[in-house]
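# Coordinate analysis (summary)
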Amino acid sequence: MTLKLGVPSKGRLMEKTFDWFGERGVKLARTGSDREYSGAVDGIEGVELVLLSAGEIPRELAAGRIHLGVTGTDLVQEKLVLWEQKVAPLAELGFGFADLIIAVPQAWVDVDTLDDLDAAASGFRAAHGFRLRIATKYHRLVRAYLHRAGVADYQLVDSQGATEGTVKNLTAEAVADITSTGETLRANHLKILAEEPVLRSQATLFRSRTADMTDTERATLEQLEEMLGT
Amino acid sequence: MSLTQTKAKAAEVRAVFEQAGAQVVDCAVLQSAETLLDLYGEDIRTRAYVTPDPMRGEVMLRPDFTVPVVQMHMEQGAEPARYTYSGEVFRRQEEHPERASEYLQVGYEVFDRTDPEAADAEVFALFANYLAPYGTRAVTGDIGILTAAVAGLKASDRRRAALMRHIWRPRRFRALLDRFSGRLAVPVTRKALLELDDPMAGAVPMIGLRSHAEISSRVDALHADAAEGPLAEEQVLLIEALLKVSETCEYALEQLRDLAVDMPAISEAVERFARRCDALRARGVDVTTLEFEASYGRSSMEYYDGFVFGFLSARADWPAVATGGRYDALTRQLGKGSEIPAVGGVVRPGLLMQLEGVQ
């Protein structure tokens, strides 16, 4: 039996993950045609590369269908309830940095803190008759963050893409989204609240806490961990 | 323990409530999510199941009966009214997956404006008598005393309203008190804003629904707040002293009357508490041993605005076996212009079965 390692199936995240493993003597590669999602592992016996969408890796880890997986902390914490019980972080890979932040229009000169956001939400609801809308795809993380801060009178509206445009399009008053440089936000006349971000995320290697392991697989994991220095 | 057994237990409790004069009612499992979201805010999504309906938008598996029973009463109920119901409620358990996500509740609700304190005592005594053999510990509280204290603060309407809005969020309430009293420094961003002559002068484009006028009006409010000066320390200390009251009803009443000397705004609410104690005594409840905690029910019982109570088992990891309280404001919010004093509570028959030792 083999140890299954889940890696994002395309883009920079895949390339950088391949580089990170390669620097540690574990050579990962895609095989076959460009469109075929299969891979090969060199430098260690008994490890199988599984190419998956980064968004599906948390679920596969939690279900124990893969033993190891590379994905963002943001996706793990958003998608897995009680994530600490299902996966354990083995190594932060030092790329894919992104902060989950809350941003409001730059014109809101009166709003910089969560206190301000709460007060603005209260005023907004009184003026418009509905709760202030925050567009996001990170519902659980944002809700928990706003709950801890005691922000009321807001609602989350789902936005799976082009979230920065929702304010201008009048489908939301504020956004909660991942950003690395904040450039897209500024281009859309938004500013980040002067608070700790909801979450600081980076690409991380996780181990499933639920996947069954044979003795051989356990030995392979130990060998791999030694090579990776985790 | 089978569901059939628990249902039989629920029927037994409901029969007791019927005996006490309540009319049996029922309501739909699928409730409008919008109504509940508008009442409780986005947080309720972590505690209730929300699901899309092809026609009605979002619907919610009922997390309790109180809201639909109030709606039903406000639409067609005669006064006074006493209702009982039993049925499943559904709670998402994100933090505590070991807790039940579906369980039975049996409730008793009183809509009666003649004598609110007597109605409080009626509901509490009914629960206390029924639960007596189970060895639970009763705790009571009264959110109305805290709201009276906030309403009586020597502060601007704006500050009082901000505190009132967060009565049910103790940490936010605390932070606001600290900010208003100057214990917490003004954030640097706020200070910078207040120093600008015309903060809206920049070339920033206006986007979104929140208008220029709304932003300006909050900036004005922030200036007014800065000019108001700190909330007097003695007032903050009084609120803190009030929140710390945790005694048997008899001693709590004494302490609250002492506090009312310096905080006359709470006198009326404290006398309501005194009348409730009398009414409880008249119903055979021993108020010399009954616990009172002024902060009880602030974080978990969001629609209660007066008397609150809970019956707790000795198992610290269990939820309360029964809870209840007064929710006058809820009838006002759902009543579309009308309102009626209302008080009620629910029992969890499943927990009673476990206390009886049924496996």
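Below or above, wherever it landed, is the structure these notes cover. Everything numeric in this text was worked out from a predicted model, so none of it was measured.

Here we come to unusual backbone geometry. Backbone phi values are negative for most residues with the exception of glycine, while trans is the configuration of most peptide bonds. Cis rather than trans, the peptide bond between Glu-79 of chain B and Pro-80 of chain B has omega equal to -15 degrees. Within the secondary structure, Pro-80 of chain B sits in the loop between α3 (66-76) and β5 (81-90). Its identity is not glycine, yet Ala-162 of chain A carries a phi of approximately 50 degrees, on the positive side. Position of Ala-162 of chain A among the secondary structure elements: in the loop between β9 (154-158) and β10 (174-179). Here Ala-162 of chain A falls in the exposed class, since its relative accessible area comes to 65%. Positive phi, close to 65 degrees, is recorded for Leu-170 of chain A, a residue that is not glycine. Here Leu-170 of chain A lies in the loop between β9 and β10. Looking at Leu-170 of chain A, the relative accessible area reads 41%, which means it is partly exposed.

Turning next to the sheet that holds strand β9 (residues 291-293) of chain B. Consider a sheet: its strands pair through backbone hydrogen bonds, and that pairing is either parallel or antiparallel. Residues and elements named next belong to chain B. Taken together, the nine strands give an open sheet; going across it, the order is β1-β5-β6-β12-β11-β10-β7-β9-β8, and neighbouring strands pair in mixed fashion. At either end of the open sheet lies a strand with only one pairing partner, and these are β1 (23-24) and β8 (246-248). Where strand β11 (residues 322-326) lies against strand β12 (residues 342-347), five bridges are found, and the strand directions are antiparallel. Residue Gly-324 lies in a different strand from β12, and its bridge partner there is Gly-345.

Before going further, it helps to examine the packing of helix α10 (residues 233-244) of chain B against helix α11 (residues 249-262) of chain B. Helices that pack against each other are described as a pair by the angle of their axes relative to one another and the distance between those axes. Residue and element names in this part refer to chain B. Running from N to C, α10 and α11 point in directions that differ by 170 degrees, and their axes come no closer than 10 Å. In terms of axis orientation, α10 runs roughly antiparallel to α11. Contacts between α10 and α11 involve Leu-238, Ala-241 and Leu-242 on the former and, on the latter, Leu-256, Leu-259 and Asp-262. Residue composition of the contact of α10 with α11, by class: five nonpolar, no polar and one charged.

So, about the side chain of Glu-42 of chain B. Relative to the elements of secondary structure, Glu-42 of chain B occurs in the loop between α2 (33-40) and β3 (50-53). Of note is the side chain of Glu-42 of chain B, whose polar atom sits 3.1 Å from the side chain of Arg-131 of chain A. Reaching out from Glu-42 of chain B, the side chain makes a polar contact with the side chain of Arg-45 of chain B at a distance of 2.7 Å. Among residues more than four places away in sequence, those in contact with Glu-42 of chain B are Arg-131, Arg-143, Tyr-154, Gln-155 and Leu-156 of chain A together with Leu-37 of chain B.

What follows is about the packing of aromatic side chains. Given two aromatic rings, one states the distance between the centres and the angle between the planes to describe the pair. Residue and element names in this part refer to chain B. A full pass over the atoms with the stated rule returns 19 aromatic pairs over all chains. Look at Phe-17 and Tyr-108: their rings are 5.4 Å apart centre to centre, the planes differ by 50 degrees, and that puts the pair in the tilted class. Here Phe-17 is found in helix α1 (residues 3-19), whereas its partner Tyr-108 is found in strand β6 (residues 102-111), with 91 residues between them in sequence. In this structure Phe-17 comes out as buried when scored by relative accessible area, which is 1%. Ring geometry for Phe-307 and Phe-309: centres 5.7 Å apart, planes at 40 degrees, overall tilted.

All names here are of chain B. Examined against the element boundaries, Phe-307 turns out to sit in strand β10 (residues 307-312). Judged by its relative accessible area of 2%, Phe-307 is buried. Along the primary structure Phe-307 and Ala-227 are separated by 80 residues, whereas in three dimensions their C-alpha atoms are 37 Å apart. Apart from residues no more than four positions distant in its own chain, Phe-307 is found in contact with Asp-120, Phe-124, Thr-140, Gly-141, Asp-142, Arg-276, Gly-324, Gly-325 and Arg-326.

As a further point, take a negative patch on the surface. Residue and element names in this part refer to chain B. A contiguous patch of negative charge, built from Glu-234, Glu-250, Glu-254, Asp-258, Asp-262 and Asp-286, is present on the exposed surface. The element that contributes the greatest number of residues to the negative patch is α11, accounting for four residues. Relative to the helices and strands, Glu-250 is located in helix α11.

What follows is about the sheet that holds β3 of chain B. Residue and element names in this part refer to chain B. Read from one edge to the other, the open sheet built from three strands follows the order β2-β4-β3, with strand pairing classed as antiparallel. Either end of the sheet is taken by a strand with one partner, and the two such strands are β2 (30-32) and β3. Sheet twist, expressed as the average angle between the axes of neighbouring strands with direction ignored, equals 45 degrees. Alignment of β2 against strand β4 (residues 57-61), held across three bridges, turns out to be antiparallel. In the strand pairing of β4, Ser-32 is matched with Val-59.

Turn by turn, an α-helix covers 3.6 residues, leaving residues three or four places apart pointing in a common direction. Most of helix α5 (residues 143-151) of chain B is tucked away: eight of the nine residues are buried. Put simply, Asp-142 of chain B is the residue that caps the front of α5 of chain B, since its side-chain oxygen is 2.8 Å from the backbone nitrogen of Gly-144 of chain B.

Attention now goes to the interface of chain A and chain B. Every contact between the two is made by 44 residues of chain A and, on the other side, 34 residues of chain B. With both sides pooled, the region where chain A packs onto chain B buries about 3,300 Å², and carbon together with sulfur makes up 53% of that total. At the junction of chain A with chain B, the criterion picks out 13 salt bridges. Summed over the shared surface of chain A and chain B, the number is 17 residue pairs in polar contact (both at pLDDT 80 or more). Looking at the side of chain A that touches chain B, the elements that each hand over two or more residues are α4 (114-128), α5 (139-149) and β9 of chain A. Among the elements that line the side of chain A that touches chain B, the one with the most residues is α4 of chain A, at 11 residues. When its residues are assigned to classes, the side of chain A that touches chain B shows 21 nonpolar, nine polar and 14 charged.

So, about the environment of Asp-278 of chain B. With respect to the element layout, Asp-278 of chain B can be found in helix α12 (residues 267-282). A C-alpha to C-alpha distance of 23 Å links Asp-278 of chain B and Ala-81 of chain B, two positions 197 residues apart in sequence.

Per the counting criterion, the structure on display carries 49 salt bridges over all chains. In this structure, Arg-200 of chain A and Glu-196 of chain A form a salt bridge, with 3.1 Å as the shortest nitrogen-oxygen distance. The exposure class assigned to Arg-200 of chain A is exposed, which follows from its relative accessible area of 51%. Residue Glu-196 of chain A is classed as exposed on the basis of its relative accessible area, which comes to 53%. Measuring nitrogen to oxygen at the nearest pair gives 3.8 Å for the salt bridge that ties Arg-183 of chain B to Asp-178 of chain B. Residues joined by salt bridges that share partners form a network here, namely Asp-115, Asp-118, Arg-125, Arg-131 and Asp-153 of chain A together with Asp-38, Glu-42, Arg-45, Glu-58, Arg-165, Arg-172 and Arg-179 of chain B.

Quick look at α11 of chain B now. Residues and elements named next belong to chain B. Over its 14 residues, α11 runs 20 Å from end to end, which matches the ideal 20 Å to within 8%, given 1.5 Å per residue. Those residues of α11 lying buried are Cys-249, Ala-252, Leu-253, Leu-256, Leu-259 and Ala-260. For α11, the angular spread of the buried residues around the axis is 125 degrees, confining them to a single face. Every exposed residue of α11 that faces more than 90 degrees away from the buried side is listed here: Asp-258, Val-261 and Asp-262. Along its buried surface, α11 packs onto β7 (137-142), α5, α10, β8, α12 and β9.

Procedures and definitions
- Residues numbered from 1 in each chain as written.
- Chains lettered and ligands numbered in written order.
- Predicted model: local features only at pLDDT ≥ 70, side-chain atom pairs only at ≥ 80, totals over all residues.
- Heavy atoms only, no water.
- Helix = DSSP H or I, 4+ residues; strand = E, 2+ residues; numbered from the N terminus.
- Buried < 20%, exposed > 50% of the residue type's maximum accessible area, 1.4 Å probe, protein only.
- Pairing = 2+ DSSP bridges.
- Axes fitted to C-alpha atoms, helices over the stretch in contact; angles between N-to-C directions.
- Parallel < 35°, antiparallel > 145°, perpendicular 65-115°, else oblique.
- Contact = heavy atoms within 4.5 Å.
- Nonpolar A, V, L, I, M, F, W, Y, C, P; charged D, E, K, R; others polar.
- Polar contact = N/O pair within 3.5 Å; in protein donor to acceptor, adjacent residues only side chain to side chain.
- Phe/Tyr/Trp six-rings, centres within 6.5 Å; stacked < 30°, edge-to-face > 60°.
- Patch = residues over 30% accessible without salt bridge, like charges linked within 9 Å, V, L, I, M, F, W, Y side chains within 5 Å.
- Areas by Shrake-Rupley, 256 points an atom, 1.4 Å probe, with all protein chains shown as cover.
- Salt bridge = Lys/Arg side-chain N within 4 Å of Asp/Glu carboxyl O.
- Lys, Arg positive; Asp, Glu negative; His and termini not counted.
- Charge placed at Lys NZ, Arg CZ, Asp CG, Glu CD.
- Buried area = accessible area lost by both parts, 1.4 Å probe.
- Expected span 1.5 Å × (residues − 1).
- Arc of directions from axis to C-beta.

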